[in-house]
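# Fold and contact review
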Amino acid sequence: AWMGYALVGLPRSLDGLARTAGIGLVPRARGRGLGSLLVRAVIRASREAGDRGLRVLAEPDKVRFYVRQGLAVADARCTWRSSGMGHGTTLDAELS
């Protein structure tokens with residue numbers, strides 16, 4: 001059974017900056033360190049692919065988690081989510 005997912009793309013408009021379309025875990029998988037492992041795997045794969053950075057759009061209550069993974073807050077914005085309009089924070093990781 002799957003426990004989570006990560007969707008990552010490399011839009012040409014972001015000039016070598018990979019961007020996530022979603023990272024998440026099913027509820028039963030949370031709180032066991034799997035989210036940290038998943039984010040580190042995405043960072044590693046992006047680095048190995050030669051991306052210059054990684055951009056994540058996080059819901060407000062997830063920002064601290066991503067900061068702990070080494071991403072830095074780049075911007076706060078209003079976004080559309082599947083549940084309607086909300087606020088999101090853009091976080092970036094430099095991949096040198």
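Above: the structure in question.
Please read these numbers as outputs of a predicted model, since none were measured by experiment. (Residues numbered from 1 in each chain as written. Predicted model: local features only at pLDDT ≥ 70, side-chain atom pairs only at ≥ 80, totals over all residues. Heavy atoms only, no water.)

### What about the overall build of the protein chain?
When helices and strands are counted, the protein chain shows two helices and five strands. Helices and strands appear in the protein chain in the N-to-C order β-β-α-β-α-β-β. Split into buried and exposed, the 96 residues of the protein chain put 34% on the buried side. In the protein chain, of all internal contacts separated by at least 6 residues, the share reaching a separation of at least 24 is 53%. About 6,400 Å² of surface is accessible on the protein chain, with carbon and sulfur atoms providing 53% of the total. (Helix = DSSP H or I, 4+ residues; strand = E, 2+ residues; numbered from the N terminus. Buried < 20%, exposed > 50% of the residue type's maximum accessible area, 1.4 Å probe, protein only. Contact = heavy atoms within 4.5 Å. Areas by Shrake-Rupley, 256 points an atom, 1.4 Å probe, with all protein chains shown as cover.)

### Comments concerning the pairing of strand β2 (residues 17-25)
Regular strands place side chains that alternate from one sheet face to the opposite one. Of all nine residues in β2, seven are buried; the element is thus mostly enclosed. With six bridges connecting them, strand β1 (residues 4-9) and β2 associate as antiparallel partners. What sits directly across from L7, in β2, is G22. Bridge analysis of β2 against strand β3 (residues 53-58) gives three bridges, and the strand direction is parallel. (Pairing = 2+ DSSP bridges.)

### Topic: the pattern of salt bridges
On inspection of all chains with the given rule, the structure shows two salt bridges. Two residues, D92 and R55, come together in a salt bridge whose shortest N-O distance is 2.8 Å. In this pair, D92 is assigned in strand β5 (residues 84-94) and R55 in strand β3, connecting sequence segments 37 residues apart. On the basis of relative accessibility, which here comes to 22%, the residue D92 falls in the partly exposed class. We note a salt bridge from D61 to K62, for which the minimum N-O separation is 3.2 Å. (Salt bridge = Lys/Arg side-chain N within 4 Å of Asp/Glu carboxyl O.)

### Considerations on the side chain of Q69
Along the polypeptide, Q69 turns up in the loop between α2 (63-68) and β4 (72-81). Not counting residues up to four positions away in its chain, the partners in contact with Q69 are S36, V39, R40 and I43.

### A word on the nonpolar core
Core analysis: the largest hydrophobic core is formed by 14 residues, its most contacted members being V39, I43, L54, Y66, L71 and L91. Those elements that place two or more of their residues in this core are β2, α1 (34-48), β3, α2 and β5. With sequence-adjacent residues up to four places away left out, L91 is seen in contact with L54, R55, V56, A58, V63, Y66, V67, L71, A72, V73 and A74. (Core = buried A, V, L, I, M, F, W, Y, C linked by side-chain atoms within 4.5 Å.)

### Details of the packing of aromatic side chains
A full pass over the atoms with the stated rule returns one aromatic pair. Judged by centre distance (5.1 Å) and plane angle (75 degrees), the ring pair of F65 and Y66 falls under edge-to-face. Here F65 falls in the partly exposed class, since its relative accessible area comes to 22%. (Phe/Tyr/Trp six-rings, centres within 6.5 Å; stacked < 30°, edge-to-face > 60°.)

### Quick look at the side chain of S46
Tracing the backbone through its elements, the reader meets S46 in helix α1. When residues no more than four places from it in sequence are discounted, the contact partners of S46 are V8, A18, D51, L54 and L95.

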